[in-house]
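# Residue-level structural notes
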Amino acid sequence: MPIPTETVGSLPRPLKLQEAYEDLDQGRITWEQLQEMQDASALDSLQRLEKTGELYVNDGEQRESSFATYSITDTLAGTGLADNLAGDGQFFAIFDDGHHRQLPRLTGGPFRYKTFASEYVTKNKAATDKPVKQAVISASMMMLLYPLEEELEGYSREEFLSDVCDEVEKDIRGCFEAGAERVSIDFTEGRLAGKNDSRNPWTGKNMLQEFIDLNNRVIDRFSPEERANIGIHTCPGGDCDSVHSKEVDYELLLSKMFELNAGYFLIQCASQEDKEAVYELVGKYSRDDANGVPQVCFMGVINPLSPEVESAEQVRDDLVAAAEHIPKERLGATDDCGFSPFSRDLKPSHGSPDFARDIAMQKITNRIEGARLASEALGI
Ligand SMILES: [Zn+2]
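Residues numbered from 1 in each chain as written. Predicted model: local features only at pLDDT ≥ 70, side-chain atom pairs only at ≥ 80, totals over all residues.

Across its full length, the chain carries twelve helices and ten strands. In terms of overall size, the chain behaves like a compact globule, its C-alpha atoms giving a radius of gyration of 19 Å where 380 residues would be expected to give roughly 21 Å. With 380 residues in all, the chain has 49% of them scored as buried. For the chain, contacts bridging at least 24 residues in sequence account for 79% of all contacts bridging at least 6. (Helix = DSSP H or I, 4+ residues; strand = E, 2+ residues; numbered from the N terminus. Rg over C-alpha atoms; globule rule 2.2 N^0.38 Å. Buried ≥ 20, exposed ≤ 12 C-beta atoms within 10 Å, placed from the backbone. Contact = placed C-beta atoms within 7 Å.)

Our focus in this paragraph is the nonpolar core. Ranked by internal contacts, the top residues of the largest apolar core, which has 87 residues, are Cys297, Phe298, Met299 and Leu319. When residues no more than four places from it in sequence are discounted, the contact partners of cysteine 297 are Phe265, Ile267, Val282, Ser286, Ile326, Arg330, Leu331 and Gly332. (Core = buried A, V, L, I, M, F, W, Y, C linked by C-beta atoms within 7 Å.)

It is at 9 Å that the axes of helix 5 (residues 157–177) and helix 7 (residues 208–219) come closest, and there the two elements cross at 50 degrees. Here helix 5 lies oblique to helix 7, going by the angle between them. Read as a crossing pair, helix 5 and helix 7 show a hand that is right-handed. On helix 7, the residues touching Leu161, Cys165, Val168 and Glu169 of helix 5 are Leu214, Arg217 and Val218. Here the residues of the contact of helix 5 with helix 7 are counted per class, giving five nonpolar, no polar and two charged. (Axes fitted to C-alpha atoms, helices over the stretch in contact; angles between N-to-C directions. Parallel < 35°, antiparallel > 145°, perpendicular 65-115°, else oblique. Left-handed = near helix turned anticlockwise from the far one by under 90°. Nonpolar A, V, L, I, M, F, W, Y, C, P; charged D, E, K, R; others polar.)

The next point concerns the environment of alanine 333. Secondary-structure assignment places alanine 333 in strand 10 (residues 331–335). The class for alanine 333 is buried, based on 26 C-beta atoms found within 10 Å. C-alpha of alanine 333 to C-alpha of alanine 371: the two residues are 38 residues apart in sequence and 6.6 Å apart in space. Every residue in contact with alanine 333, bar those within four places of it in the chain, is listed here: Ile3, Thr5, Phe298, Met299, Val301, Val315, Leu319, Arg367, Gly370 and Ala371.

Our next topic: helix 10 (residues 275–285). One turn of the α-helix equals 3.6 residues, which is why residues spaced by three or four share an orientation. For helix 10, the set of buried residues is Val278, Tyr279 and Val282. End-on view of helix 10: buried residues confined to an arc of 100 degrees, all on one side of the axis. If you follow the buried residues of helix 10, they end up packed against helix 9 (250–257), strand 8 (264–267), strand 9 (296–302) and helix 11 (312–322). (Arc of directions from axis to C-beta.)

Most of strand 10 sits out of view: five of its five residues are buried. Residues Leu331, Ala333 and Asp335 of strand 10 are buried on one face, and the alternating residues Gly332 and Thr334, pointing to the opposite face, are buried as well. Two elements, strand 9 and strand 10, share five bridges in a ladder whose sense is parallel. Paired with isoleucine 302 across the bridge in strand 10 is aspartate 335. Following the chain from strand 9 across helix 11 to the adjacent parallel strand 10, one finds a crossover that is right-handed. (Pairing = 2+ DSSP bridges. Right-handed = clockwise from strand over helix to strand, strands pointing away.)

Our next topic: unusual backbone geometry. For the bond running from glycine 109 to proline 110, omega is -5 degrees, close enough to zero to count as cis. By the element assignment, proline 110 lies in the loop between strand 4 (105–106) and helix 3 (118–127). Of note, the phi angle at asparagine 196 is positive, near 55 degrees, even though the residue is not glycine. In this structure, asparagine 196 sits in the loop between helix 6 (189–192) and helix 7. Located in the positive-phi region is asparagine 291, a residue other than glycine, with phi close to 50 degrees.

Moving on, we get to the environment of arginine 344. The topology assignment puts arginine 344 in the loop between strand 10 and helix 12 (353–378). Residues arginine 344 and proline 14 lie 330 residues apart in sequence; the distance between their C-alpha atoms is 9.7 Å. Ignoring sequence-local partners within four residues, the contact set of arginine 344 consists of Gln18, Tyr21 and Leu76.

This part takes up the sheet that holds strand 9. Spatially, 5-6-7-8-9-10 is the arrangement adopted by the six strands of the open sheet, whose pairing is parallel. At either margin of the open sheet sits one strand with a lone partner, and together these are strand 5 (133–137) and strand 10. Averaged over neighbouring strand pairs, the angle between their axes works out to 30 degrees when direction is ignored.

This next bit is on the pairing of strand 8. Residues Tyr264 and Leu266 line one face of strand 8 and the alternating positions Phe265 and Ile267 line the opposite face, and both faces are buried. Sheet topology note: the strand 7 (residues 230–234)/strand 8 ladder contains four bridges and is parallel. Pairing of threonine 234 across the sheet is with isoleucine 267, part of strand 8. Since strand 7 and strand 8 lie parallel, the crossover through helix 9 that links them has a hand, and here it is right-handed. Here strand 8 runs beside strand 9; their pairing, made up of four bridges, is parallel. Residue pairing in the sheet places tyrosine 264 in a bridge with valine 296 of strand 9. Remark: the strand 8/helix 10/strand 9 crossover connection has right-handed handedness.

A word on helix 5. End to end, helix 5 covers 30 Å across 21 residues, agreeing with the expected 30 Å (1.5 Å per residue, within 8%). Following helix 5 by one or two positions, glycine 179 adopts a phi angle in the positive range, close to 110 degrees. (Expected span 1.5 Å × (residues − 1).)

Here we come to the environment of alanine 178. Counting through the fold element by element, alanine 178 comes out in the loop between helix 5 and strand 6 (182–186). On the neighbour-count criterion, alanine 178 (19 C-beta atoms within 10 Å) is partly exposed. Put simply, alanine 178 and lysine 123 are 55 residues apart on the chain and 9.3 Å apart in space, counted from C-alpha to C-alpha.

Spelled out as structure tokens, the structure:
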């Protein structure tokens, strides 16, 4: 089988759509009007991804407030926030350019999603004949909604975590039931867990093992056949063309991440200074048998934060180099991250989100061609 390819999830939202989110927050348009614009952008994403030749298509998260918050709020400003949440939670991440992203704060139980990703899958399936993938958020990100130190009265941390696992399981199962062929779990907090940034207290609490154990509590509820199509995405962040944890030693994460009993991994690599070192670590720690599934390693060969388009030949060379360390039958190609994980993102290095959307399509096209060239070069 030739080297498989897959997107992480998001595409830049057109400026027009970003303004419509703002219009909803300001009460200038209705939720129905925003949804019409989301649907139009989603259809454009699907049609343009079909043209790139990508096997699994999606809407590029045009309907999500963000990869992390789609299940609990309609917009980043907090319009449509789910029950038992307030807007002023802890920072999820502080990025290198100084901007930050904040999570809502849990105020009591029970914790319930208000939106499941299967809604997007259902809409996308109706709009394309191609197989569909969907990204979902991890249990470990949702864990950060609970106060870091104290217990909430009447809703213990353990009760909360049990509810989180149930909601995330329901989210993943719902996507498959709605017809998604692939479901990947965003796990950007994995790398960030090693940061130890005093401005962002949770990153100093050494939570990586807790994150992995909690995510496995969800993943282990699925059969090996299901887990073959459940992926994990790791990255050092990718928002407003900036990162949150690229300086954190990658081995801290990679030596642990493959304990997750997932069938595939979407792994940032193109933007690493020493790609060879990443191939080695992935080859060393990924498993042929994770409780019944081989772990297929999709290496990032595209940097979504840079407007410079990687050539197909460059992608080919990266994958051929990766195959020196990662078994060919467990090698795939992806992008380092989604192209715009948050709905509001002006893509400053690109100059505009509309231009960044065009660039994303060129990058994806070259990734797919590069994977084809690498398969040829490797005789697979
Ligand atoms: Zn990412």
